[in-house]
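What the coordinates show
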There are 2 protein chains.
Amino acid sequence: MRLTRVRVPELPADLDSGPEVVLTGSEVRHLSVMRLETGDPLLVFDGRGREARAEVVALDGLRATLRLVEELPGTPETPQPVTLAVALLKGDKLSDVVRAATELGAARIQLLVTQHADVRDIGANKLGRLSRIAAEASKQSRRAVTPAVLPPIPLAALTWEGQAYVAHPYVHDLLAEQLHWDSPVTLITGPEGGFSEAEMEALLARGARGVVLGPRILRAETAPVALLGAIVATGV
Amino acid sequence: MRLTRVRVPELPADLDSGPEVVLTGSEVRHLSVMRLETGDPLLVFDGRGREARAEVVALDGLRATLRLVEELPGTPETPQPVTLAVALLKGDKLSDVVRAATELGAARIQLLVTQHADVRDIGANKLGRLSRIAAEASKQSRRAVTPAVLPPIPLAALTWEGQAYVAHPYVHDLLAEQLHWDSPVTLITGPEGGFSEAEMEALLARGARGVVLGPRILRAETAPVALLGAIVATGV
């Protein structure tokens, strides 16, 4: 049996005493839909890397009380955090990117304003929606960490610690050969029109490494998923 | 300037005499939208690997006559054909998979009926629509080959030549280490509920190799894109 898994706002530091947590809102609806009843076991996670076994103490349509039974090691995350830095995209394309990036283990999603992007801003509503998509995808993919979706910054203001990679049409370095899990990883992908030459030169001058993603033109929403696919296929 | 690129039903074997081809239908609309006029250069491809320079001889809203000027080497395809064998998926998810798989170089997309698939058949309309999506994505990604989208067959009836890979939750073999471009490649991905244990065992018994895609649960529509991403990141 696969246990139901819900996010709790916070896990107490010490679970030895079997502390209780109270849930309200959509997670309670989720438990009702899954037909959980008093005494049923489930898993809880706090979205920041901790996970625990729990059981239902009380459940009605509005509130759920859970008793925390035992801390678990948590689901595996990548050995170093992976940041996806992705240009603002038209329509609802960022939703698909955020959903797939969360499944594929991204720890943070940094939105970017770039020269060729048709979109230059994102409303608070849409940003909130992307965060909810990340939370939902995190739960579905059984991650204990929900990636933060960070409001857009200009590409020139993007900084990174460790390694940064950008898909480049004219270089032929392989991601798998460049990648080392000894420092954080940042993947940078462009808008519908791609990065401008000046933007690409600036990224490389700042130490980002160009990697090949094949000779075909990829859509802006396919490139980040393909890059993350190459990352997870290294077994992380 | 990026040249407009249209698909023609057929390229004559010999282009030395500057033969003409006549287009009708959506490709003509495309040329009108791109504001091409008599004498303008463009590229044509036949969806089977050949590509040529051409110029507009005549264009109205219904017909376009093009003169073929010179055969081109064609855009690069993978060194061996890659088949994506993907289970039928609910709703419109296969459209997204077909679109991304085409950009990522798949040569064929074979639909599968599997044990846990909620969908067991696909209408001729929907199959035709997937083929049109593949043709459109082929053009946008500047490929000279349009992948065939093949009607569903039972998983047990799937055969392959060369190498076959299936994402497996319990093995830790790396795709990049297994993959060799000396024979055709088949990637096999399951439905929303995954492959049954019996199906997975049968695939492995028949020689498919299990590869890891990280420890997280991927949606059925993310796994094929991630696997193909790992393929193109090898530089093909």
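Naming follows an unreviewed UniProt entry, where chain A appears as Ribosomal RNA small subunit methyltransferase E of Deinococcus piscis. The UniProt entry for chain A carries the following text under Subcellular location (unreviewed entry): "Cytoplasm". Chain A has a UniProt comment under Function (unreviewed entry) that states "Specifically methylates the N3 position of the uracil ring of uridine 1498 (m3U1498) in 16S rRNA. Acts on the fully assembled 30S ribosomal subunit."

Residues and elements named next belong to chain B. Relative to the 24 Å expected for 17 residues at 1.5 Å per residue, helix α3 (residues 124-140) spans 24 Å between its end C-alpha atoms, a close match to the ideal helical length. Leu127, Leu130, Ile133, Ala134, Ala137, Ser138 and Lys139 are the residues of α3 that are buried. Contacts from the buried residues of α3 go to β1 (5-7), α1 (26-33), β3 (41-45), α2 (93-103), β7 (108-113) and β8 (148-154). Looking one or two residues past α3, Arg142 carries a phi angle of roughly 60 degrees, positive in sign.

Another aspect to go through is the interface of chain B and chain A. Between chain B and chain A, the contact holds 34 residues from the first and 34 residues from the second. Interface of chain B and chain A: buried area, both sides summed, is about 2700 Å²; carbon and sulfur atoms make up 61% of it. Area buried by chain B at its contact with chain A is led by Glu103, Arg216 and Ile217 of chain B, which between them contribute 26% of it. Salt-bridge contacts for Glu103 of chain A lead to Arg219 of chain B; the nearest nitrogen and oxygen are separated by 2.4 Å. At the boundary of chain B and chain A, one finds 10 residue pairs in polar contact (both at pLDDT 80 or more). Among the secondary structure elements, those contributing two or more residues to the side of chain B that touches chain A are α2 and α6 (223-232) of chain B.

Let us now look at the environment of Gly39 of chain B. Residues and elements named next belong to chain B. You can see Gly39 is positioned in the loop between α1 and β3. C-alpha separation for the pair Gly39 and Ala54, spaced 15 residues apart in sequence, amounts to 9.4 Å. What Gly39 contacts, discounting residues up to four positions off in sequence, is Glu55 and Val56.

The subject of this paragraph is the environment of Asp173 of chain B. All names here are of chain B. Residue placement: Asp173 occurs in the loop between β9 (163-167) and α4 (175-178). When its relative accessible area of 38% is taken as the criterion, Asp173 is described as partly exposed. Between the C-alpha atoms of Asp173 and Arg209, which are 36 residues apart in sequence, the distance is 8.4 Å. Those residues in contact with Asp173, other than ones at most four positions away along the chain, are Gln178, Gly210, Val211 and Val212.

As a further point, take the pattern of salt bridges. All names here are of chain A. Under the definition given, this model contains 20 salt bridges over all chains. The shortest N-O distance in the salt bridge between Lys93 and Glu221 comes to 4.0 Å. Of this pair, Lys93 sits in helix α2 (residues 93-103) while Glu221 is found in the loop between β11 (209-211) and α6 (223-232), placing the two residues 128 residues apart along the sequence. When its relative accessible area of 26% is taken as the criterion, Lys93 is described as partly exposed.

What counts and how
- Residues numbered from 1 in each chain as written.
- Chains lettered and ligands numbered in written order.
- Predicted model: local features only at pLDDT ≥ 70, side-chain atom pairs only at ≥ 80, totals over all residues.
- Heavy atoms only, no water.
- UniProt positions renumbered as here; feature names shortened; annotations may be inferred.
- Helix = DSSP H or I, 4+ residues; strand = E, 2+ residues; numbered from the N terminus.
- Expected span 1.5 Å × (residues − 1).
- Buried < 20%, exposed > 50% of the residue type's maximum accessible area, 1.4 Å probe, protein only.
- Contact = heavy atoms within 4.5 Å.
- Buried area = accessible area lost by both parts, 1.4 Å probe.
- Salt bridge = Lys/Arg side-chain N within 4 Å of Asp/Glu carboxyl O.
- Polar contact = N/O pair within 3.5 Å; in protein donor to acceptor, adjacent residues only side chain to side chain.

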